[in-house]
Structures are given as C-alpha cells and as structure tokens.
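Structural characterization, general
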Amino acid sequence: MTVVKRQPMPDAGATDVKALEPLLIELTRPGRGGRHVRAETSADIPPQFQRKAPLGLPELTEPQVVRHYTHLAELNYSVDGGMYPLGSCTMKYNPKVNDRAASLFADLHPRQSYRTTQGVLALAYELEQMLVKITGMDFVTLQPAAGAQSEFTALLMFKAYHAKRGDAKQRRRIIVPDSAHGTNPASAAMCGYQVTTVKSDARGNVDLEALKTALGPDVAGFMLTNPNTLGLFEERVREVCDAVHEAGGLVYGDGANMNALLGVARPGDLGFDCVHINVHKTFSTPHGAGGPGAGPLCVKKHLRPFLPKPWIVRENDGTYHYDTAREDREPESIGDSIGSVKQRLGNFGVLARAYTYIKTLGEEGLTETGRDAVLAANYLLALVREKYDVAYDRTPMHEFVLSAAKQKKQGATALDLSKALLDEGFHSPTVYFPLIVPEALMIEPTETEPKETLDAFAAALNRLADRAASDPTSVHDAPKNTPLRRLDEVAAARSPKLKWQRPT
Amino acid sequence: MNQNPYSPHTEADRTAMLERIGVRSVDELFNAIPRDARSPRLGIGAGMSEQEVQAHLEKLAAMNKTAGSGPFFIGGPIQRRYIPAAVPVLALRGDFLTAYTPYQPEVSQGTLQAVFEYQSLLAELLAMDVVNSSMYDGASATAEAALMAVRLTGRKKVVVSSDVDFTFRRTLRTYARGAELEIVDVPTDRLASSADGAASVIVQHPDAFGTLVDVRAIADAAHEVGALCVQVTEPHALALLEPPGALGVDIAVGEGQPLGIPMSYGGPHLGIFACRGALVRQMPGRIAGQTVDADGVRGFVNTLQTREQHIRREKATSNICTNEALAAIHAAVYLSLLGPEGLRAAARAGVARARALANRIAALPTCRIANDGAFFDRFTVRTEMGGWDLRLALLERGIQVEATASHYVDGKRRGRDDVIVQCTEMTSESDADALVDAVAEITGSRQAVAAR
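Computed from a prediction, not measured in an experiment: that's the story for all the values here.

Thoughts on the overall build of chain A
Counting secondary structure elements, chain A contains 14 helices and 13 strands. Taking 23 Å as the expected radius of gyration for a compact globule of 504 residues, we find that chain A reaches 26 Å, a close match to that expectation. With the principal axes as the frame, chain A shows a C-alpha extent of 75 × 70 × 45 Å. Taken over 504 residues, chain A has a buried fraction of 61%. Expressed as a percentage of contacts within chain A between residues at least 6 apart in sequence, the contacts between residues at least 24 apart total 73%.

Digging into the overall build of chain B
Per the secondary structure count, chain B includes 14 helices and 13 strands. Dimensions along the principal axes, computed over C-alpha positions, put chain B at roughly 95 × 55 × 50 Å. Residues classed as buried in chain B amount to 63% of the 452 residues present. Residue pairs in contact within chain B that sit at least 24 positions apart in sequence constitute 73% of those at least 6 positions apart.

Comments concerning the confidence of the model for chain B
Across chain B, pLDDT averages 95, with 96% of residues at or above 70. As scored by the predictor, the complex reaches a pTM of 0.97 and an ipTM of 0.97.

A look at the environment of Gly 248 of chain B
Relative to the helices and strands, Gly 248 of chain B is located in the loop between α9 (235-238) and β6 (251-255). With 29 residues separating them along the chain, Gly 248 of chain B and Gly 277 of chain B place their C-alpha atoms 13 Å apart.

So, the pairing of strand β4 (residues 200-204) of chain B
All names here are of chain B. Judged by how many residues are buried, β4 sits mostly within the fold: 5 of 5 residues are covered. Across the two faces of β4 the burial is the same, with Ser 200, Ile 202 and Gln 204 and Val 201 and Val 203 all buried. Bridge count for strand β2 (residues 157-161) against β4 is 3 bridges, and the pairing is parallel. What sits directly across from Val 159, in β4, is Val 201. In this structure, β4 lies alongside strand β5 (residues 228-233), joined through 5 bridges in parallel fashion. Bridging from a neighbouring strand, Gln 204 pairs with Val 232 of β5. Since β4 and β5 lie parallel, the crossover through helix α8 (residues 215-224) that links them has a hand, and here it is right-handed.

Considering the interface of chain B and chain A
Every contact between the two is made by 167 residues of chain B and, on the other side, 178 residues of chain A. It is helix α11 (residues 325-362) of chain B that contributes the most residues to the side of chain B that touches chain A, 21 residues altogether.

A look at the sheet that holds strand β12 (residues 402-403) of chain B
All names here are of chain B. Ordered by their spatial adjacency, 4 strands build an open sheet running β10-β11-β13-β12, and the pairing between neighbours is antiparallel. On the outer flanks of this sheet lie β10 (367-369) and β12, each paired with one strand and no other. Where β10 meets strand β11 (residues 378-383), 3 bridges bridge the pair, whose relative direction is antiparallel. Counted as the bridge partner of Ile 369 is Val 381 from β11. Lying over the sheet, α11 contacts β10, β11 and β13 (419-422), oriented at roughly 145° with respect to β10.

Considering the domain arrangement of chain A
Residue and element names in this part refer to chain A. The domains assigned to chain A are domain 1 (96-357) and domain 2 (369-490). Inter-centroid distance (C-alpha atoms) of domain 1 to domain 2 is 31 Å. Listed per partner, the contact involves 18 residues of domain 1 and 19 residues of domain 2. Of the residues assigned to the side of domain 1 that touches domain 2, the class counts are 8 nonpolar, 8 polar and 2 charged.

What to know about the sheet that holds β4 of chain B
Residue and element names in this part refer to chain B. An order of β1-β7-β6-β5-β4-β2-β3 is seen for the 7 strands of this open sheet, with the pairing classed as mixed. Both outer strands of the open sheet, β1 (130-131) and β3 (182-186), are each paired with one neighbouring strand and no more. Alignment of β1 against strand β7 (residues 271-275), held across 2 bridges, turns out to be antiparallel. By the bridge assignment, Val 130 is partnered in β7 with Cys 275. Packing of helix α6 (residues 138-153) onto the sheet brings it into contact with β2, β4, β5, β6 and β7, and relative to β6 it is tilted by some 165°.

Quick word on the packing of helix α2 (residues 62-74) of chain A against α11 of chain B
Between α2 of chain A and α11 of chain B, the shortest axis-to-axis distance is 9 Å and the interhelical angle comes to 155°. The angle between the axes of α2 of chain A and α11 of chain B places the two elements in the roughly antiparallel class. Seen along the crossing, α2 of chain A lies across α11 of chain B with a hand that is right-handed. Taking contact as the criterion, the partners of Glu 62, Val 65 and Tyr 69 of chain A in α2 of chain A are, on α11 of chain B, Val 333, Ser 336 and Leu 337 of chain B.

A short note on helix α2 (residues 50-62) of chain B
The first and last C-alpha atoms of α2 of chain B sit 18 Å apart over 13 residues, in line with the 18 Å expected at 1.5 Å per residue. Three or more residues of α2 of chain B are buried, namely Val 53, Leu 57, Leu 60 and Ala 61 of chain B. End-on, the buried residues of α2 of chain B take up no more than an arc of 100°, which puts them together on one face. Opposite the buried face of α2 of chain B, by more than 90 degrees, sit the exposed residues Gln 51, Glu 52, Ala 55, Lys 59 and Ala 62 of chain B. Of the surrounding secondary structure, the elements contacted by the buried residues of α2 of chain B are α3 (96-103), α4 (118-135) and α9 (348-384) of chain A.

Observations concerning α2 of chain A
In an α-helix, one full turn covers 3.6 residues, which means residues spaced three or four apart are oriented alike. Taking 1.5 Å per residue as the helical rise, α2 of chain A with its 13 residues ought to reach 18 Å, and the 18 Å between its terminal C-alpha atoms agrees with that figure. Within the sequence span of α2 of chain A, burial applies to Gln 64, Val 65, His 68, Tyr 69, Leu 72, Ala 73 and Glu 74 of chain A. Where α2 of chain A is buried, its residues meet α1 (24-27) of chain A together with α3 (86-91), α4 (94-97), α5 (109-126) and α11 of chain B.

Side note on the nonpolar core
By size, the foremost hydrophobic cluster in this structure holds 311 residues, and its most contacted members are Leu 351 of chain A together with Ala 146, Val 201, Ala 274, Ile 329 and Val 333 of chain B. If you tally residues by element for this core, the top one is α11 of chain B, at 22 residues. Aside from chain neighbours lying at most four places away, what touches Leu 351 of chain A is Ala 124, Leu 127, Leu 142, Val 279, Ala 294, Leu 345 and Gly 346 of chain A.

Concerning unusual backbone geometry
For the bond from Gly 291 of chain A to Pro 292 of chain A, the omega torsion is 15°, close enough to zero to count as cis. Tracing the backbone shows Pro 292 of chain A in the loop between β6 (274-276) and β7 (297-299). Along the chain, Lys 309 of chain A connects to Pro 310 of chain A via a cis peptide bond; the corresponding omega equals 0°. Relative to the assigned elements, Pro 310 of chain A resides in the loop between β7 and β8 (312-314). A positive phi angle, near 65°, is found at Ser 88 of chain A, a position not held by glycine. A positive phi angle, close to 50°, is found at Tyr 265 of chain B, a residue other than glycine. Note on placement: Tyr 265 of chain B falls in the loop between β6 and β7.

Some remarks on the domain arrangement of chain B
Taken domain by domain, chain B holds domain 1 (11-45), domain 2 (69-77 + 340-451) and domain 3 (86-333). Its C-alpha centre places domain 1 of chain B at a distance of 46 Å from the equivalent point of domain 3 of chain B.

Some remarks on the packing of α4 of chain A against α9 of chain A
Residue and element names in this part refer to chain A. As a packed pair, α4 and α9 sit with axes 10 Å apart at the nearest point and diverge in direction by 50°. By the angle between their axes, α4 is oblique relative to α9. Of the two possible hands of crossing, α4 and α9 adopt the one that is left-handed. Contacts between α4 and α9 involve Val 120, Leu 123, Ala 124, Leu 127, Met 130 and Ile 134 from the former and Phe 348, Leu 351, Ala 352, Ala 354, Tyr 355, Ile 358 and Leu 366 from the latter.

Section: the environment of Thr 395 of chain A
Residues and elements named next belong to chain A. Along the chain, Thr 395 falls in the loop between β10 (389-390) and β11 (400-403). Using a count of 19 C-beta atoms within 10 Å as the deciding quantity, one classes Thr 395 as partly exposed. Between the C-alpha atom of Thr 395 and that of Gln 129, which follows or precedes it by 266 residues, the distance is 32 Å.

About the thresholds
Residues numbered from 1 in each chain as written. Chains lettered and ligands numbered in written order. Predicted model: local features only at pLDDT ≥ 70, side-chain atom pairs only at ≥ 80, totals over all residues. Helix = DSSP H or I, 4+ residues; strand = E, 2+ residues; numbered from the N terminus. Rg over C-alpha atoms; globule rule 2.2 N^0.38 Å. Buried ≥ 20, exposed ≤ 12 C-beta atoms within 10 Å, placed from the backbone. Contact = placed C-beta atoms within 7 Å. pLDDT = per-residue confidence, 0-100. Pairing = 2+ DSSP bridges. Right-handed = clockwise from strand over helix to strand, strands pointing away. Axes fitted to C-alpha atoms, helices over the stretch in contact; angles between N-to-C directions. Domains from an automatic or database assignment. Nonpolar A, V, L, I, M, F, W, Y, C, P; charged D, E, K, R; others polar. Parallel < 35°, antiparallel > 145°, perpendicular 65-115°, else oblique. Left-handed = near helix turned anticlockwise from the far one by under 90°. Expected span 1.5 Å × (residues − 1). Arc of directions from axis to C-beta. Core = buried A, V, L, I, M, F, W, Y, C linked by C-beta atoms within 7 Å.

Spelled out as structure tokens, the structure:
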C-alpha cells in the first residue's frame, strides 16, 4: 500500500475537493514569500507601459514549495525507480555522471564568442565525429531539439536538395509505412508535402511491391524506421532504398530505434541518405517527464550543403570556430543551407550528457549495448510468447509487439492490461501502437534491466494473461494500488480545465 | 566485467538467456541484417572510468570562460539570472528527471500537476486564457505561432518586425520554407500599416534591443484587416509591463529560460506558448487538463490530444512530440519560490541597473544610447568605432557584450552597428564600473574630454 504524503487541503470542510496534493493557488496566503533576490523597490517604467492587470502568482514560503514538489515527485513513476518497458522509447538507465558533466557547461551563453567557448566547440566537434562513425554517415548537425524537429529539418533539406536539382515543384509527396510513428507524417505535412502510406507485408516489412507502385517522379522521399516499430529489421532494406533512389527520391532514417543497431549495423551502410538520433533514447539522456531531448541529424555527403548553419570548423592548430566568416560574424549568405531550427548547437546541455555516455562506453561498450538490448528483447519475448499472440512472429531486434486480441475476447483489453501492470509495480508498455497491430502491447526492455527484473516482468505479464482468462473484471478494474485510479479523460476533453481557477 | 558499465548481465545470465531463446549466440539474432553490414568497426576508442570521464569533461569545461567569470552583458531571450538553490534540487529530482512523458496518468500525477501548475502560473503572468505544456524554445514557439495563424486565417503571408530577436526570425524563416509562407520583415513602426493580407503580425515587446513597443496599436491594426497579432515577450518583463492578454494579443510566445533554467550554451530551454481560449483547437503541443479519477479524486491528464501527431498524424497541428516538460517544471518551481514580489524585484533590478548604466554611458562624449524610445532592461550603445569592433575590444578586456551586427537574417544586415547591453539582478556595481571605464578608454572619451 502506497503511503501518500500531502499538505493539508486548506479549504477542507469548506469544499469537497479530494486531492492528492493541493494546488499552489490553494496554499497561497497574502504576505508569504521568500527572499531569493535582492529587494529592488523601484523601476522607472513609462506609465502607459506599466502593468495594470493583477499579477496573481501564489505567495508561498520556501518550505511549502519544497514540500509541494517533493510530494508531487513522489507521485511519479521513473526509470530511477523501476523498469519502464515502453516500446520505441528506449527507457534505459540514465547515468548520473552525465548530469554532472552537463552542469559544467551551465553558465555559458550561446552568443558568447568562439574565443570564450573552445571547450564547448571541442566537445561538439568530437561528438559530431563520433556520431558520423556510429551511423556510417558523413556529416552531422547537432541543432534539432528532438526527433520530430530533426525529421522536419531533414525534410526541409530534401526540399532544398530537389530545388537545387530543379524538380522540387513536381516532388510533392513523402511516403511513409503504415507502421510509422505519427511524427513522420506530421513532419511531412509541416514541410508542405502530401503523405502517402504504404502497407506492411506479412513478415512486417515494407511491402516492396506496394512501395514501387507508390514511387514516381512526384515523390520527394521515403521515411523508414529501422528496426521498425514492430521491432523488426527491414529484411530488404537495401532494395527498399534502391527503389526510392531509382525514382529520384531520398530515404530518411528515423533513428528512434537506433539502440538496436549500436555497433551492430550502421544506417549509412544500408542505403539511407540520413538518419536522426534521439539521444534521449539511444545515448541515455534523461527524458525529463516529456523532454528535453536532442535529435542530431546525420547525413551523407550529397546533403551536406543543405545542413542548418552554423557549422563548426576545426583549424590545424586545434582551435575551433564557426564557419560563418571571421570573428563570430554570421554569414552574409547562408548559401544552400535551410537556415537554422535552433541556436547554434541546439540542446547543448543534453548533447553534453550524450557525449559523456559515449566516452564512458567506448567502442566495445556501445557494441555490447546493441547486442544486449536485442538479447534482452528476445529473452523477454521467449518468456511471454505462450500466453499472448505475437504480431509478425520472427526474430525481433530490441523490442517486440504482442497483441492482446485473445485477452480482449476474454474481456481484458490492452488498456486494461497496461493498467493492471501498474498494480504489479511496473510501468506499462506502449499500447495501441503500431496502429497495424490490434490491441498492441509494444515492449522494449533495454539493456540495463537485469535478468531478475526481466523474469519478474514476464511473470507479471503472464499472471495478467491468466487473470484475463479467469477473472477479466479484476483486470478491467485496475489500477487500485496507484496514487490515483483511472482518470476520466473524456470529461477532461469535453469541458477543458486547462488552468486553475483563482478564488475570487 | 562488462564493457558497458551499466549492463547488468553476467556471462551466466547471457548463457541462460540465449538458451531460453533457443540460439547459441547473439549473432544468430541478426540474420535479417545484410551480412556485409554486420558488426562494423566504429573507431571511436575505448571506454573510460567515471573518474576519467569526469576529469576529461572538467578539462573541456576549463577551456570556456563562463558568464560568471567576469563582467557579462550578453542577454536577449537567454539571460543570466539568479537561480534559487531549491530550483535544481526539486526540478532535477530523479522522479521528474527520469520519468517519461505521462502516458499513464495514474503513475504520473507529479508531472501532470506540475505542468498544469506551470500552465496556470504562465497564464497568470501573460493574462492569457490557455498556455501549453511547452515548446522547444522561444524561436520555435514563434515559428509555430506563425503556422497556427496561417491555419486559422488561410493566409500565407507573415509580417514580422525586424526588431524581433534575430534567432527567432531565422527559425521562423526556416520553418516557413515548409509551408512556403511569405515572410515580410518591416521595422516595428511599419507593422501596423503592413498588416493587410497577413495571417499574422509578429511583434516583440520589449524588442530585441530592449525598446518598449505600443503593442495594443499594432494588435488593433492587425485585427482591423483580419490578421492575428503574435507577441514575443519575456517572462521577467511581464512582472512590470502590461501583459499580452491585456493588449489584445491573440498568441503570446517567448523564451522561458530566464525562469530558473541554466543557459547551457543555448539549451535545453523553454518555449512559452499561449493563446486566446477560442483558438485552442489549433494550438500545437501537449496540454495538461484537470479531471477526476474513478473515486472522484482530482487529477490531471494530457488532454485535447486530437490535435496531436500520435492521433492525427499528417492532420496534426504540429509534429512536436518530445517537448521541454522538465524546463516547464523548473519554471514552475522558480515562480513558486519568487512569488509576485520576488519576480518584480528581479525585474526591477534589471531595469534600474540598465537605466543607471545607460545614463553613465550616455554621459561619455563618444557614446550615445541608440534605442528608438524607452527601454526595459537592455539598451544599445552607438559609437564611432562601431559595435562590432567595440565588442571585440571589450572582450580583450574580459567584458562580454553582444553586437547588433548579428541581428539580420539571410544576409539582410540591419542598418546599425551597435552593442547591446543586457542587465539583470546579476549585474553588479563593479561590472557596471568595469564596462563604463572600458568603453570610455576604448572609444577615447577621456581624450575627447581633454581636447575640449
């Protein structure tokens, strides 16, 4: 039984609100406050600009604030606390030395001169080189803040590439497989592309014939996750890439599942024109309850001119600066570059963590990571495959997808199972994705969970399958041991309450 | 001993696991990969112990000159501000730091309530109806605001003030290549007259150079021709300046880094994004909302998700997935600690110091303050020698400032060459003295006075 600490609801008795922890606005009392910055009592602002609207921020003491966020933190599941088998999210352990390393670069402004940031540039340059080697590509931009922004960056580069060749006007379509992440079609749409979906074949590969039919002179590119979201390596990946190239298109590698390929295979050797890396998956940077991430984009030579600016240049004497002419001046012209999606080196604080991780593991450690990730997924699948249907049953890479179709017929859906797993002390897998698998449970254990944990997780999943058969109602009623029980999402969307109501 | 120090498997474990799978070696699991592409040599060197890695990183860090190591006046959307000790202690707790996106709200109430409170705090500050749970940064928030206005109006022209921060305008231009929007840069005083046919008019207040802008007049002019008004703003200024919600602004965006988030050479930061309630269905990004659980206990979920990519795919309002939730939690903790008085004090400090410093610099015969009107907590200094060279000369004396020469987009250089001086509560008297003395010496003020 979870003991949930909380601050007393101040209006208990006056209202009937039941809550785990009061809102800040319920804790506020006029006149409370801390003394965190020097008191400055006046500032000369012309009257027409002065704030007349009330500033309704809560007034709290530091001890109250500390209690509040401590209580909130304790309501969270985290990878520090337990296994997080979310498929395609790669929730591996987040090493603490990475955080400390990043804090060494906290007090630096991105508009400082290259002269005062040689350490930043040296780190970033070496990180680019390492990513080139890990992915088998030629050049890197560290700028994108996340995987989705990296997709968008790459598709803008595709557009610029085709424009340079004179056929951007006719190439209006991007093809994605039906197993693709939602960000793929959304990024394509943001680039002004129409999206065509091609189906998967019976082995969970892109249906090559369907792809060839969809390809043509109006296609700008194809977006492929490999291993795909079924956890399966694309068996005819080179033929797929060749077909796209023959039609004049480019192939985008969605690197969401790159963890499986660390030291195992390189997208650059398989025919991709570019690939992004979610460092908050593959390179162990913490996901921060939804972000930040970082999404470096690695590209082949022919896409280099279109990379975002600025680029880091290393001089023969071992000093670094940006390519944007002398003395930090930004370029007079950005040439064929698409511009920039973020300042200079993007989420540098995240990238410094990834750098630390790669330096810690080194070549052998990274290779072991890819192999262990695949080993763990295959082992876990072997432990649970008897009780669940396996979608597209062939050897998976770092993750696999079960279908709870059988359990649904018994009265327990994938959603029910995911909630019941919470009661067993585990976070749920990704559910209802990929869309092509009914009642999907997408499971990625990662390389950092010990065998004992994998065994316990499998035992929990198998127990739930038994309960789905014998007592589906109990599964349907889960969770019961979590801080809250199932939340009413329909009501939340029907009459949205998107901020607190200040007492009037 | 494993090569990956975070790998838990013993050789006995691995053997048992392979046995259970029914293969003899891990290599057998890779049969789908083209044979010649398997197990490449990467050439990235051997791993290191934690101690060695830490020492290596410290060596790299020592090659930088941090903002705190000398007088520092670089700012704009990213500012060196005082971060209370409790901010990182709370926001970087492993329970927040290492949680995933709150897909299972039953075990993510910490994140969801903190984000809901972030939205509420920012809504108070901005006086706007709805705030989302965060974008990547102020620049991408601005670009997404422009795209949102295009969806709402069906028009493809965006009129942006050339006094909006250059990094924001550059990102806007880059994003605009996707939807093939027409971006028109005009000075702030011509925004109102250029709004015709635009989806949105984008104004920054205080602007990139610190100048205060009459946003209400621009919003009114935009609305008259059916365009939306987007205001780029910054959080500390809102403690003292009339907020976007009171100025007729439709979408308010900004960089939230000054709210307790380290500068970290540019990221991770916090994109603030807010809009009028009527526009929420076209808003990008996640939004936390209040509801109840099966027992009637108050709780929070991500809501209005039918706008988002994982549901709507190519019809989504944005492709954003990973956002900056942890930065939003930093901001919520920061605002909880400072409260209205603390935030006002920090904001006033920047304004007061900027005013005092500008007066001293304006008194030098070789310098003048080049803002087009009243300014907030940063200002521009014009000299005969030009801002670019002044900046370099100051840097040689260990003083860091920014030059306006950077402030152009796609080769269009602004017609001014000044330095920008940003003040915050971190700006000390001795920093100010150092700057005034150095500027006087570099620009030859003493000689000018002597010659008189």
